[in-house]
Amino acid sequence: MIQTLFIEKDIQNHSHVLKVQSDFPQARNIYIENYGEVFNRKGQSFRLQKKQPGLILAKKYGRCVLPSPEGFGIGGKNNYYFSHILNCLYDCRYCFLQGMFRSAHYVHFVNDEDFKSEILTTVEKHSSEEVYFFSGYDGDSLALDSLTGFVSTYLPFFRKCPKAIIELRTKSNRIGPLLTIDPMPNCVIAFTFTPDSVSQAVEHKTPRISQRIQAMKKLANRGWKVGIRLDPLIFIPNFEEQYQQLFSELFYSLPIDRVHSVSLGPLRMPKKILQNMRKLYPKEPLLFENLEESKGIISYPSWKEKELQDFCLKELSKEISRERVFTYRIEEN
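Predicted, not measured: the structure shown is a model, and the values here were computed from it.

**Student:** So what about the pairing of strand S9 (residues 131-134)? Which residues, and what values?
**Tutor:** Here S9 shows two buried faces, one formed by Val-131 and Phe-133 and the other by Tyr-132 and Phe-134. Judged from the three bridges that link them, strand S5 (residues 79-82) and S9 form a sheet pairing that is parallel. In the strand pairing of S9, Tyr-81 is matched with Phe-134. Taken together, the four bridges between S9 and strand S10 (residues 164-170) define a ladder with parallel strand orientation. Paired with Val-131 across the two strands is Ala-164, which belongs to S10.

Below, the structure written as structure tokens:
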């Protein structure tokens, strides 16, 4: 339940702002000039705010659509992301957002019209080629859909742009909004997984692995394309057994023809971000053990990354064709 709304004065009469206010009539309303004066303020306690985040309603200025990081993609040549929200409902210890942002408050940029305009411009720039857009980079679009209305706002828009492929990446099982609309050929609902033991230990507040799989199965059976995201890959004792178990549960439950893609991402983050995360969680083994620095990036040693990725690729090849499996270029570490 949102108890505090921070509202930029310039957008206080925006239709979405008025809707949010009606959805949370008991919330305290604080009017501000710019979201940064709250979100970027020094001396905030991320951990304390995480217990009861407020919602900041703001306007996004500057570029709304940005090129995806190199190596990030699911088969497309033209890859972009857009962040209509900042921060996440969940509390995963490996999440880079908590080391990047000073505040745990949610930010929702309500000027959807500017995002849509820039998405169209980006599609037109690539002429007749497909363009991939990722919405779950700085937050979980589905988990916070009740606040942002992402599904009802953006999916009808993308339905009219067949050359624009939208990936909605999530750990949520709140699939109700998706079940009220027809599946889209240019939309992939991608769920992120780690082995169950890892999820229980460090993915706080998230639905259980079994709940996510059931949500995927329900969407796939309705005709949606679904994606499996193994990101980040976590090096743990007996990882072979634990990843085998995860794959067994996934591919036993899912119709393989509805699985659009599988992607694997290593555990990596800039040194400064990890330093901030370690201050928040000084006793979290995941943030301290088995990691090393190379060129300002913290990750597992390259041999561990390769061993883990190679094993997962070998096991996945038993279930799904290799052309539907995508990896980051970890050999460049």
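**Student:** Which residues make up the packing of helix H10 (residues 209-222) against helix H11 (residues 239-253), and what values do they have?
**Tutor:** With their axes 10 Å apart at the nearest point, H10 and H11 run at an angle of 25° to one another. The angle between the axes of H10 and H11 places the two elements in the roughly parallel class. Every pair of crossing elements has a handedness; the one defined by H10 and H11 is right-handed. Residue-level contacts link Ile-209, Ile-213, Met-216 and Lys-217 of H10 to Leu-246, Glu-249, Leu-250 and Ser-253 of H11. Grouping the constituent residues of the contact of H10 with H11 by class yields five nonpolar, one polar and two charged.

**Student:** Explain the side chain of Asp-140 to me, using residue names and the numbers behind them.
**Tutor:** With respect to the helices and strands, Asp-140 occurs in the loop between S9 and helix H6 (145-148). Of the side chains bearing the opposite charge, Lys-171 lies closest to the buried Asp-140, which forms no salt bridge; the N-O distance is 6.4 Å. Within the local environment of Asp-140, its side chain forms a polar contact with the side chain of Thr-170, the two groups lying 2.7 Å apart. Here Asp-140 is in contact with Ile-85, Asn-87, Cys-88, Tyr-90, Arg-169, Thr-170, Lys-171 and Ser-172, once residues within four sequence places are set aside.

**Student:** Describe the pattern of salt bridges, with residues and values.
**Tutor:** Here the structure, examined in full by the defined rule, presents 14 salt bridges. Lys-9 is paired through a salt bridge with Glu-33; the nearest N and O atoms lie 2.9 Å apart. Taken together, the residues Lys-9 in the loop between strand S1 (4-8) and helix H1 (15-23) and Glu-33 in the loop between strand S2 (28-32) and helix H2 (36-39) connect sequence positions 24 residues apart. Residue Arg-208 pairs with Asp-196 through a salt bridge whose shortest N-O separation is 3.6 Å.

**Student:** Let's hear about the packing of aromatic side chains: which residues, and what values?
**Tutor:** Overall, the coordinates contain 20 aromatic pairs when judged by the stated rule. The interplanar angle of 85° and the centroid separation of 5.9 Å between the aromatic rings of Phe-72 and Tyr-137 together place this pair among those described as edge-to-face. Highlighted residues: Phe-72 in the loop between strand S4 (65-67) and S5 and Tyr-137 in the loop between S9 and H6, separated in sequence by 65 residues. A relative accessible area of 10% means that Phe-72 is categorised as buried. A relative accessible area of 26% places Tyr-137 in the partly exposed class. Each ring, one from Phe-235 and one from Trp-303, has its centre 6.4 Å from the other, and the planes form 75°; the classification is edge-to-face. Of this pair, Phe-235 sits in the loop between strand S13 (225-233) and H11 while Trp-303 sits in helix H13 (residues 302-316), placing them 68 residues apart in sequence. By relative accessible area, which is 17% here, Phe-235 ends up buried.

**Student:** Explain the pairing of S5 to me, using residue names and the numbers behind them.
**Tutor:** Side chains Asn-79 and Tyr-81 project from S5 onto one buried face, and the interleaved Tyr-80 and Phe-82 project onto a second face that is buried too. In the sheet, S4 pairs with S5 via three bridges, with the strands oriented antiparallel. Of the residues in S5, the one forming a bridge with Pro-67 is Tyr-80.

Calculation notes
Residues numbered from 1 in each chain as written. Predicted model: local features only at pLDDT ≥ 70, side-chain atom pairs only at ≥ 80, totals over all residues. Heavy atoms only, no water. Buried < 20%, exposed > 50% of the residue type's maximum accessible area, 1.4 Å probe, protein only. Helix = DSSP H or I, 4+ residues; strand = E, 2+ residues; numbered from the N terminus. Pairing = 2+ DSSP bridges. Axes fitted to C-alpha atoms, helices over the stretch in contact; angles between N-to-C directions. Parallel < 35°, antiparallel > 145°, perpendicular 65-115°, else oblique. Left-handed = near helix turned anticlockwise from the far one by under 90°. Contact = heavy atoms within 4.5 Å. Nonpolar A, V, L, I, M, F, W, Y, C, P; charged D, E, K, R; others polar. Lys, Arg positive; Asp, Glu negative; His and termini not counted. Salt bridge = Lys/Arg side-chain N within 4 Å of Asp/Glu carboxyl O. Polar contact = N/O pair within 3.5 Å; in protein donor to acceptor, adjacent residues only side chain to side chain. Phe/Tyr/Trp six-rings, centres within 6.5 Å; stacked < 30°, edge-to-face > 60°.

Read these as geometric descriptors, not functional statements.
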